Amino acid sequence: MRLAMFIATLALLATVMTFHEAPVAQPQVAPTDIGGVVSSVNGAEAGVWVIAETNDLPTKFAKIVVTDDRGRYLIPELPKARYTVWARGYGLVDSHKVPATPGTALNLQARVAPSAAAAAEYYPAIYWYSMLRAPLPAEFPGTGPDGNGINPALKSQDQWLDIAKTNGCYGCHALGNKAMRAIPKELGDFKSSEDAWQRRIQSGQALTQMATALGRMGDKRALKMFADWTDRIAAGELPASKPTRPQGVERNVVLTMWDWAGPKDYLHDVVSTDKRDPRVNPHGLLFGATEESTDLFPVLDPVSHKASQVKMLVRDPATPSSKNAPMLPSPFWGEERIWDSQTSMHNPMLDEKGRVWFTSRVRPPANPDFCKKGSDHPSAKLFPVESANRHLSMYDPKSGRITLISTCFPTHHLVFAEDANHTLWTSAGGPGSGVIGWLNRKMFEETGDEVKSQGWTALILDTNGNGKRDDYVEPNQPVDPTKDTRVVAAFYGVGVNPNDGTVWGSVLGFPGYVIRLNPGMNPPETALTEVYEPPLPGYGPRGMDIDRNGVVWTPLSSGHMASFDRKKCKGPLNGPNATGKHCPEGWTLYPFPGPKMANDAGTGSAEASYYTWVDQFDTFGLGKNVPIATGNANESLLALVNSQWVNLRVPYPLGFYTKWMDGRIDDPNAGWKGKGLWATVSTRAPFHMEGGKGTTSKVIHFQLRPDPLAR
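Residues numbered from 1 in each chain as written. Predicted model: local features only at pLDDT ≥ 70, side-chain atom pairs only at ≥ 80, totals over all residues. Heavy atoms only, no water.

**Q** Provide a residue-level description of the overall build of the protein, including the pertinent values.
**A** Secondary structure summary: the protein contains eleven helices and 41 strands in total. For a compact globule of 711 residues, the expected C-alpha radius of gyration is about 27 Å, and the protein comes in at 27 Å, within 12% of that figure. Counting across all 711 residues of the protein, residues that qualify as buried make up 61%. Working note: accessible area of the protein is about 27200 Å², and carbon and sulfur atoms make up 54% of it. In the protein, 73 positive and 72 negative side-chain charges are present, and the distance between their average locations comes to 3 Å. (Helix = DSSP H or I, 4+ residues; strand = E, 2+ residues; numbered from the N terminus. Rg over C-alpha atoms; globule rule 2.2 N^0.38 Å. Buried < 20%, exposed > 50% of the residue type's maximum accessible area, 1.4 Å probe, protein only. Areas by Shrake-Rupley, 256 points an atom, 1.4 Å probe, with all protein chains shown as cover. Lys, Arg positive; Asp, Glu negative; His and termini not counted. Charge placed at Lys NZ, Arg CZ, Asp CG, Glu CD.)

**Q** Give me the state of the cysteines: which residues, what numbers.
**A** Following the criterion strictly, the structure yields two disulfides and no others. Covalently, Cys371 is tied to Cys408 through a disulfide, its sulfur atoms 1.9 Å apart. Judged by the torsion about the S-S bond (-70°), the Cys371/Cys408 disulfide is left-handed. Of the two residues, Cys371 is situated in the loop between strand S18 (356-360) and helix H8 (378-382) and Cys408 in the loop between strand S20 (402-405) and strand S21 (414-416); the sequence distance between them amounts to 37 residues. For the residue pair Cys371 and Cys408, the accessibility class agrees, reading buried in each case. The disulfide that involves Cys569 links it to Cys583, with 2.0 Å between the sulfurs. Because the sign of the S-S torsion sets the handedness, a value of about -100° for the bond joining Cys569 and Cys583 places this disulfide among the left-handed ones. Residue Cys569 is located in the loop between strand S33 (560-564) and strand S34 (587-591), and its partner Cys583 is located in the loop between S33 and S34; the two are separated by 14 residues in the primary sequence. With respect to burial, Cys569 and Cys583 carry one shared label: buried. The thiol sulfur of Cys169 is not disulfide-bonded, and the nearest other cysteine sulfur, from Cys172, lies at 9.8 Å. (Disulfide = S-S within 2.5 Å.)

**Q** Tell me about the nonpolar core, and please be specific about residues and values.
**A** Grouped together as the largest cluster of nonpolar side chains are 91 residues, with contacts concentrated most on Tyr129, Trp160, Tyr170, Met217, Phe226 and Phe702. It is helix H7 (residues 219-234) that contributes the most residues to this core, seven residues altogether. Discounting chain neighbours no more than four positions away, the residues touching Tyr170 are Ala125, Tyr129, Lys165, Leu175, Ala608, Asn632, Ala633 and Tyr657. Counting 32 residues, the second-largest nonpolar core is a separate cluster that includes Val85, Leu106, Leu300 and Val699. (Core = buried A, V, L, I, M, F, W, Y, C linked by side-chain atoms within 4.5 Å. Contact = heavy atoms within 4.5 Å.)

**Q** Explain the environment of Gly676 to me, using residue names and the numbers behind them.
**A** Mapped onto the fold, Gly676 is located in strand S40 (residues 675-680). Sequence spacing of Gly676 and Phe226 is 450 residues, and the spatial spacing of their C-alpha atoms is 39 Å. The contact partners of Gly676, leaving out residues within four places of it in the chain, are Thr619, Asp662, Gly663, Arg664, His701, Phe702 and Gln703.

**Q** With reference to specific residues and values, describe helix H6 (residues 207-217).
**A** Those residues of H6 that fall on the buried side of the exposure criterion are Leu207, Ala213, Leu214 and Met217. Viewed end-on, H6 has its buried residues packed into an arc of 145°, placing them on one side of the element. (Arc of directions from axis to C-beta.)

**Q** Explain the sheet that holds strand S39 (residues 662-665) residue by residue, including any values.
**A** One open sheet holds the eight strands; their spatial order is S8-S6-S3-S4-S12-S41-S40-S39, and the pairing between them is antiparallel. The sheet is open, and its two borders are formed by strand S8 (98-100) and S39, each paired with just one other strand. Pairs of neighbouring strands in the sheet enclose a mean axial angle of 25°, with direction left out of account. Pairing of S39 with S40 involves four bridges; the strand directions are antiparallel. Across the sheet, the residue bridging to Ile665 is Lys675, located in S40. (Pairing = 2+ DSSP bridges. Axes fitted to C-alpha atoms, helices over the stretch in contact; angles between N-to-C directions.)

**Q** Before we move on, could you go through the pattern of salt bridges and cite the residues and values that matter?
**A** Where charged atoms from two side chains of opposite charge approach closely, those side chains can pair. Applying the stated criterion to the full structure yields 41 salt bridges. With a shortest N-O distance of 2.4 Å, Asp259 and Lys698 are connected by a salt bridge. Linking Asp259 in strand S12 (residues 253-259) with Lys698 in strand S41 (residues 698-704), this pair joins segments that are 439 residues apart in sequence. Residue Asp259 shares its accessibility class with Lys698, and that shared class is buried. Taken together, the shared-partner salt bridges connect Asp274, Arg276, Asp351, Glu352, Lys353, Arg355, Arg441 and Glu445 into one network. (Salt bridge = Lys/Arg side-chain N within 4 Å of Asp/Glu carboxyl O.)

Nothing here speaks to function; it is all geometry.
What follows is the structure, given as structure tokens:
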């Protein structure tokens, strides 16, 4: 009996040993694929990225996939070229880079990180930025430079965090990446890290914006805080939490990446299709907006892998240029003024004909007479506008023709309505303009008359609750329950409810709000507004979108994604008490993934998401009406599916930061290969990314296959 048990035990051990020692089955590699197994001294490495990159195509190209639970990977449908292939993952340092061509079966030897510090070099920015020690709640309100150094205008920690995150420091580039969490030696020698930070924020042509944001927090305390942060990191302190590797459906993501701009250019947005119909422009060109960096907007052909540029025009040569912005020398570019843009192209949108519409500057800010008091323009008679810093333009790829449209109202983002006039609604950006403007595109195309085809309106609350627009009091006057009330606000994000044609927008500031505009029959005189403020612990909306059910989705600087469903409101939506706080029940808050900032007393993460876009038509593969936020601190896109986060990280180059995305269906019959999301690297400082000076913005195609080895 004992002998039999001993023999059985040996047989079991042999079986276990055979199981562990058996090689992992290789994936099937087609002539256009590269595939194999990633393993380390610890065995198969699941949930790590494999990157294949080449310079053989007309523009630099890379494709990235994730290993399955047995360490297997398959990079499908690679263009014919010579590639460099390597593995990257949390807990590892990069494997040795290996040359390969499509059709190769290639196993990769992963390298376990030799230390926690080496592993942390690959963490997304949020893990490093969360180490920043925010002022404690008890330190508010601020007591100024002679007290605790915090701006006295800030009454709570939440107000301070709103600036330190989405609506301040993180609005243009990521903090926490390698370039930001260390003081570059090229900056010079300083008595203290506080002095170094004071000089750092004056570098380059964004000096004014950076110094302003710091002043809003309180210069003295902010400099001390950032100096403490970089000093602790320089001394070897590491993030308190670690990222997890891709799990579940996150391992099915395929990323395809092209360079498409110059090393001095930065992108704001990319567009691939008509937001109302993602089947427009299949396999077609993509277009970017370069904001303050250059008047050359990039164009990518993802089929031929060719990148090109088109020069946007202005009407008036005296149009201001970013080249003249104040600056001190940069540790990257020295005294060179790398930005030179008159047009300030901010946001592109395709129409149903495949033409590209931009918010862009076409002239100096002072408005023509038809916009001002004394004009007989229907909108000007009701609410004259003196200046507009950005206007509209349109580029037709078929003819190469550029059309410039001078608007009285300032523009920032834009969106087409699903109406007979193809109305183009615009946001104004900053909260101070007080108007929303639009272009009747049908009228403009029929007549060419930019004056008659445009309109704008002030934002009026129905304070007396009678359902129509009446005489109103100004924002600085006491509320009169017999009249309506004008609010000083401006849309930042903008979207149109496909069910009723109402126009929705987000309003920056603390606590900020979302705003609903019902245009009525004659918008300049009939439009009525409703405002809805997010309830605490939420605050600080940024770019928003709307789903096909009329639910608004917006990121909050509190570290949440928020939805607002007007249908859930229980009380009156207008009247003297409808001033923003009257529908907390319409809001739902979802904390973003990632750690909280040190000392943050709230419930949200340190994420600082710039914009939310809703996948209304399932162009990616996670379902219809899925809201997807830009994970600017997570270096990813963040999709909310059934109240759970799917984190679509971009692992290479480190420092991915985008401000928008869209989804296109190239072939509805091709499964996962026929659709996907498009985004671009939107940091104002692409030289902060992995690779440093010379690194360019990139277009990234996100696709979701059914499993990690699907071809």
